[in-house]
Amino acid sequence: MDTLTKTVGEKQIEKQSMAGSEAVIRSLLAEGVETVFGYPGGAIMPVYDSLWHFQEELKHILTRHEQGAIHAAQGMARVTNKPGVVFATSGPGATNLITGLADAKIDSTPLVCITGQVASPLLGTDAFQETDIISISMPVTKWNTQVTKAEDIPSAIAKAFYIATSGRPGPVLIDITKDAQFASLDFSYKKCNGFRSYVPKPALDHDEVEKAARLIDSAKKPFILFGQGIILSEAENELKAFVEKTGIPAAWTVLGLSAMPTDHPLNVGMLGMHGNYAPNKLTNECDVLIAVGMRFDDRVTGDLSRYAKQAKVVHLEIDPAEIDKNVKTDIAILGDAKESLQLLTSLCSENNHDDWVQKFHDLKAIEYDQVIQKELNPDKPGLTMGEVIRRVNGLTDSEAVVVTDVGQHQMVACRYATFKQTKSNVTSGGLGTMGFCLPAALGAKLGAPERAVVAVIGDGGFQMTLQELGTIFQTNAAVKIIILNNNFLGMVRQWQQLFFDKRYSSTELVNPDFVTISKGFGIEASSVSERQYLDAALKTMMDHDGPYLLEVMVEKEDNVFPMVPTGASVEDVRLS
Ligand SMILES: Cc1ncc(C[n+]2csc(CCOP(=O)(O)OP(=O)(O)O)c2C)c(N)n1
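Anyway, here's the lowdown on the structure attached to this text. Fair warning: this is a prediction, and the values are worked out from it, not measured in the lab.

### Observations regarding the site of the ligand
Residues in contact with the ligand amount to 18 residues; listed here are only the nearest, Gln408, His409, Gly432, Gly461 and Gly490. Here an oxygen atom of the ligand sits 2.8 Å away from a polar atom, N or O, in the side chain of His409. Here a nitrogen atom of the ligand sits 2.8 Å away from a polar atom, N or O, in the main chain of Gly432.

Here it is, written out as structure tokens:
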């Protein structure tokens, strides 16, 4: 590598001549990246070769599948609020990223994915492992670009990091042709801080905030709904201050979980299809609905034509595309949640709404009697998913990062896991991607090594990405894996029971021996099916030095309630 000195204006800039592949690595280092998840192949070999020379500076985690790499990067991003970075080769390597990209896009997770591409003279010739990943990934990335010249690599990467992390975060993809990786450039790196036509953070409109404050002050039954926007903008303290000053009850979406301590007196639980009874029902009784950093997903709103029609709606949101998308707003506050909440809190009067808050408690008592008590302290012999989660809360003192897959176990974990700190719930919310959990838990553990990370997975979803046990073994990441085994694709079976006259079409699973599989991957494991051994089994798992898999045999045909059936109104939430 030669060092060149160039004079630009009056400044002497040190430039280094190097290959495009090395520029990729140096650009990532300039962005502060410490870990990359990926899988090599022909079109990205020059980058992997350059990586070889930077093993001390940049750790590469070789997953067993590109889907595992991207979910692991998502898991890391979710616990650190920093972009996850992924390498994959062209063709199948790149297409294997698509599910993760779609998942990260809908859940606003910052990712920078770098794919190798065939050499530029071969583009469009159906060359070996050529695929048009730019077109394929267009709808599932926040931005993507193809680089065919080595000298464009640093600026493309700088732009990628800026776009992935600014405003509403999301995944970006850079596709680099093999000749651009081999060619040399004079390297210098300048971080991107903005470019024309992209306004990631709208300027706060003081008048709108003032109007919202007056409306909130005059409300008799105000209700706050908060989502992941709080976590992404690190507005946890601002949310708490707002809630406490105004005395307004607040409910979280699935992705908003842990943005506030579970036991905060004004935290009234989870919204949505399997959320709590009170926040769903009382959505249709509040007079002012204040939505912060959430997007009125259909799982939260149910039937829109019967959603909060009586309420004035205030929406605090960073992405203009979300305003009036699903729910018509009366006052839109565009901006970063942290700044918006700070100003709004300062303009609102101190207040309390004790009678209104009591209504939430009254409905919670009904839910407790009819659902929660039976789930957490069952008197039937079969184990419930809820009692497993209750014990995990106790064993981890509510300090763990809980990573879930998709299905009944996910909803049960989201309902019953308790949190003391933020960024403690990692789940595939918008896309509902089975197979997300195991690799995401690995990424979460590597991103937050000091924290306990508990992966809660169904027997179905586990078998979608179980090969990542190999990566967990190789990295010795101390992920605690709980398979809640009901021998069914449980959530689909629940719907078949409730809405398809119990026709269990292709949902019963004949499962392999998960303990043997885990041990085959070098990961200690055990199975438990009786209540009397459950505590000890969970404790053994948590105390084990290193990763551990515990299979818990649970009731085969339990259902998750409450439930707002598809197409129903939130006020028609069912308790059984
Ligand atoms: C990739 C993917 N395929 C299909 C589905 C549809 N789906 C949602 S939940 C579910 C069942 C999950 O079963 P399991 O992993 O055993 O968890 P359980 O519901 O039993 O807790 C299925 C098939 C999905 N969400 N993701």
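### Things to note about helix 17 (residues 408-416)
Most of helix 17 is tucked away, with nine of its nine residues classed as buried. Where helix 17 is concerned, the buried positions are Gln408, His409, Gln410, Met411, Val412, Ala413, Cys414, Arg415 and Tyr416.

### Quick look at the packing of helix 1 (residues 20-30) against helix 2 (residues 45-52)
Taken N-terminus to C-terminus, the directions of helix 1 and helix 2 make an angle of 60°; their axes are 8 Å apart at the nearest point. Compared by their axis directions, helix 1 and helix 2 come out oblique. Regarding helix 1 and helix 2, the two cross each other, and that crossing is right-handed. Taking contact as the criterion, the partners of Ser21, Glu22, Val24 and Ile25 in helix 1 are, on helix 2, Pro46, Val47, Ser50 and Leu51. Counted by class, the contact of helix 1 with helix 2 contains five nonpolar, two polar and one charged residues.

### Focus: the sheet that holds strand 13 (residues 288-292)
Sheet strands line up and pair through hydrogen bonds in the backbone, either parallel or antiparallel. Strand order in the open sheet formed by six strands is 12-11-10-13-14-15, with parallel pairing between adjacent strands. Each end of this open sheet is capped by a strand with a single partner; those strands are strand 12 (267-270) and strand 15 (331-334). Averaged over all adjacent pairs, the angle separating strand axes in this sheet is 20°, with direction ignored. Pairing between strand 10 (residues 222-226) and strand 11 (residues 250-252): three bridges, direction parallel. Bridge assignment links Phe226 to a residue of strand 11, and that residue is Trp252. On the sheet, helix 9 (residues 206-218) packs against strand 13, strand 14 (312-317) and strand 15 and is oriented at approximately 130° with respect to strand 15.

### Some points on the sheet that holds strand 16 (residues 401-404)
The strand order across the open sheet built from six strands is 17-16-18-19-21-20, with neighbouring strands paired in parallel fashion. Each edge of the sheet is formed by a strand with only one pairing partner; in this case those strands are strand 17 (425-426) and strand 20 (524-528). On the sheet, helix 23 (residues 531-543) packs against strand 18 (453-458), strand 19 (480-485), strand 20 and strand 21 (548-553) and is oriented at approximately 160° with respect to strand 21.

### A word on unusual backbone geometry
Here the bond from Phe561 into Pro562 is cis, since omega is 0°, no more than 30 degrees from zero. Positive phi values are uncommon outside glycine, yet Lys423 reaches one of about 55°. You can see Lys423 is positioned in the loop between helix 17 and strand 17. Given the relative accessible area of 15%, Lys423 is considered buried.

### Remarks on the pattern of salt bridges
Tallied over the entire structure, the rule returns 30 salt bridges. Between Glu367 and Arg415 there is a salt bridge, with the nearest N and O atoms lying 2.7 Å from each other. Of this pair, Glu367 sits in helix 15 (residues 354-376) while Arg415 is found in helix 17, placing the two residues 48 residues apart along the sequence. According to the relative accessible area criterion, Glu367 is buried, its value standing at 1%. The structure contains a network of salt bridges with shared partners spanning Arg168, Asp319, Glu322 and Lys325.

Here is what the cut-offs are and how they apply
- Residues numbered from 1 in each chain as written.
- Predicted model: local features only at pLDDT ≥ 70, side-chain atom pairs only at ≥ 80, totals over all residues.
- Heavy atoms only, no water.
- Near = heavy atom within 4 Å.
- Polar contact = N/O pair within 3.5 Å; in protein donor to acceptor, adjacent residues only side chain to side chain.
- Buried < 20%, exposed > 50% of the residue type's maximum accessible area, 1.4 Å probe, protein only.
- Helix = DSSP H or I, 4+ residues; strand = E, 2+ residues; numbered from the N terminus.
- Axes fitted to C-alpha atoms, helices over the stretch in contact; angles between N-to-C directions.
- Parallel < 35°, antiparallel > 145°, perpendicular 65-115°, else oblique.
- Left-handed = near helix turned anticlockwise from the far one by under 90°.
- Contact = heavy atoms within 4.5 Å.
- Nonpolar A, V, L, I, M, F, W, Y, C, P; charged D, E, K, R; others polar.
- Pairing = 2+ DSSP bridges.
- Salt bridge = Lys/Arg side-chain N within 4 Å of Asp/Glu carboxyl O.

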